[in-house]
Amino acid sequence: MDQLSVDHLLGIQQLTPQDIQLIHTTADQFKEVINRPIKKVPSLRDITIANLFFENSTRTKLSFELAEKRLSADVVNFSAAQSSVKKGETLIDTVNNILAMKVDIVVMRHPNPGAGVFLSKHINARIVNAGDGAHEHPTQALLDSYSIKERLGSLEGKKVVIVGDILHSRVALSNIYCLQKLGAQVMVCGPATLIPRHIKDLGVLVELDLKKALQWCDVANMLRVQNERMDISYFPSVREYVQQYGVTRKLLDSLDKEIVIMHPGPINRGVEITSEVADSSQAIILNQVENGVAIRMAVLYLIASKIQHHD
Ligand code: CP
């Protein structure tokens, strides 16, 4: 059986293009499974997975949980808000206590960049990063690239613009790594204050004018403005942001081609995109959510198969 080159999924940066292709082809098989009347397979019957969410989530948390249940894993859920973290327990103590209950894989979302890497060096379980601060969100990039491939046939030579709050976005960084490894060209677009100063070093194009960016691209991935990660104001007002960086039907109709619209969620309707655009046939936002379950099944299956292979 083909194997991943890594033991943990900490970020896209550590994956090879072959790893990403393997996750995508494995997800093809699981997508077929989850569209059957009986959506469950016994692949992870002897595996226990802990979902540790130290930060809010709707899509990622539910998607991992469904993926785990569809693979027949035993699942425990932990959310920081109701835990002893509030009483001052450290991350390693919290996780080691959970692992003492014989957990094989930890799926973790954490507000601190590098939390997954740190944990992987200190505990005896496989780690899957479900988003670490403004650093990486690998399964989001895997499902985004999978969804583009599904709509456009391949990623090779395709032009993808990531629009909005690039500075605070783990989705942007993971997408940049993932899309480039699959042969796509990547541009970022947004207010200058929300574009990291050295982003060009990653080999991406930078465009401050949204219309020019949309004219260039095949796909626009619209990011949410992450107010919760902002300590200062990065643009004068939401109204001004919408005028310059909001995608409307009128703007899309002014282009000489039909582009694909994506959004990782949660959407601020009327800010980064209007409802009319979000709900149109050009948008693949719900396909992204559907594909997220198959991608996470593939990731967990491939990580678990390495446990059985090694131990
Ligand atoms: N796309 C994403 O990570 O959404 P959640 O924050 O709801 O998990």
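You'll find the structure just up there.
In this text the structure is predicted, and so the values were computed from the model without any measurement.

Rules used in this analysis
Residues numbered from 1 in each chain as written. Predicted model: local features only at pLDDT ≥ 70, side-chain atom pairs only at ≥ 80, totals over all residues. Heavy atoms only, no water. Helix = DSSP H or I, 4+ residues; strand = E, 2+ residues; numbered from the N terminus. Contact = heavy atoms within 4.5 Å. Lys, Arg positive; Asp, Glu negative; His and termini not counted. Charge placed at Lys NZ, Arg CZ, Asp CG, Glu CD. Pairing = 2+ DSSP bridges. Axes fitted to C-alpha atoms, helices over the stretch in contact; angles between N-to-C directions. Phe/Tyr/Trp six-rings, centres within 6.5 Å; stacked < 30°, edge-to-face > 60°. Buried < 20%, exposed > 50% of the residue type's maximum accessible area, 1.4 Å probe, protein only. Lys NZ or Arg CZ within 6 Å of the ring centre and 35° of its normal. Disulfide = S-S within 2.5 Å.

Mind laying out the overall build of the protein, listing which residues take part and the relevant values?
A tally of helices and strands in the protein yields 11 helices and 9 strands. Principal axes of the C-alpha set define a box for the protein whose edges measure 55 × 45 × 35 Å. Considering only intrachain contacts with a sequence separation of at least 6, the fraction spanning at least 24 residues in the protein is 75%. Side chains of the protein give 34 positive and 34 negative charges; the mean places of these two sets differ by 2 Å.

Could you give an account of the sheet that holds strand β8 (residues 219–222), with specific residues and numbers?
The sheet built from 5 strands is open, its strands ordered β7-β6-β5-β8-β9 with parallel pairing. Taken across any chain shown, the strands that pair with only one partner, and hence form the sheet edges, are β7 (205–207) and β9 (260–262). Each strand axis lies, on average, 25° off the axis of its neighbour in the sheet, ignoring direction. As paired strands, strand β5 (residues 159–163) and strand β6 (residues 185–189) are joined by 5 bridges and run parallel to one another. In the strand pairing of β6, Val160 is matched with Val186.

Run through the packing of aromatic side chains, naming residues and quoting values.
Think of a pair of aromatic rings as described by two things: how far the centres are apart, and how the planes are tilted against each other in angle. Applying the stated criterion across every chain yields a total of 3 aromatic pairs. Both rings, one in Phe54 and one in Phe78, keep their centres 5.3 Å apart while their planes meet at 55°; by these two values the pair is tilted. One end of the pair, Phe54, is in the loop between β1 (48–53) and α2 (59–70); the other, Phe78, is in strand β2 (residues 74–79), with 24 residues separating them in the sequence. Neither Phe54 nor Phe78 differs from the other in exposure class; each is buried. Here Tyr241 and Tyr245 contribute two aromatic rings whose centre-to-centre distance is 5.7 Å and whose plane-to-plane angle is 40°, an arrangement assigned as tilted. Of this pair, Tyr241 and Tyr245 both sit in helix α8 (residues 238–245), 4 residues apart, which is roughly one turn of the helix. Tyr245 carries the same exposure label as Tyr241, and that label is buried. Looking at Arg296, its charged tip hangs above the ring of Phe64, at a distance of 5.1 Å from the centre.

So what about the state of the cysteines? Which residues, and what values?
Should the sulfur atoms of two cysteines be covalently bonded, the bond is a disulfide. Taken as a whole and assessed by the stated rule, the structure comprises 0 disulfides. Looking at Cys189, it has no disulfide partner, and the nearest cysteine sulfur is the one in Cys217, 9.4 Å off. Given the relative accessible area of 0%, Cys217 is considered buried.

Describe the environment of Leu214, listing the residues and the values that go with them.
By secondary structure assignment, the location of Leu214 is in helix α7 (residues 210–216). Taking the C-alpha atoms as reference, Leu214 lies 40 Å from Arg126; in sequence the two are 88 residues apart. When sequence neighbours within four positions are dropped, the list of residues in contact with Leu214 reads Val161, Ala220, Val247, Leu251, Leu255, Lys257 and Ile259.

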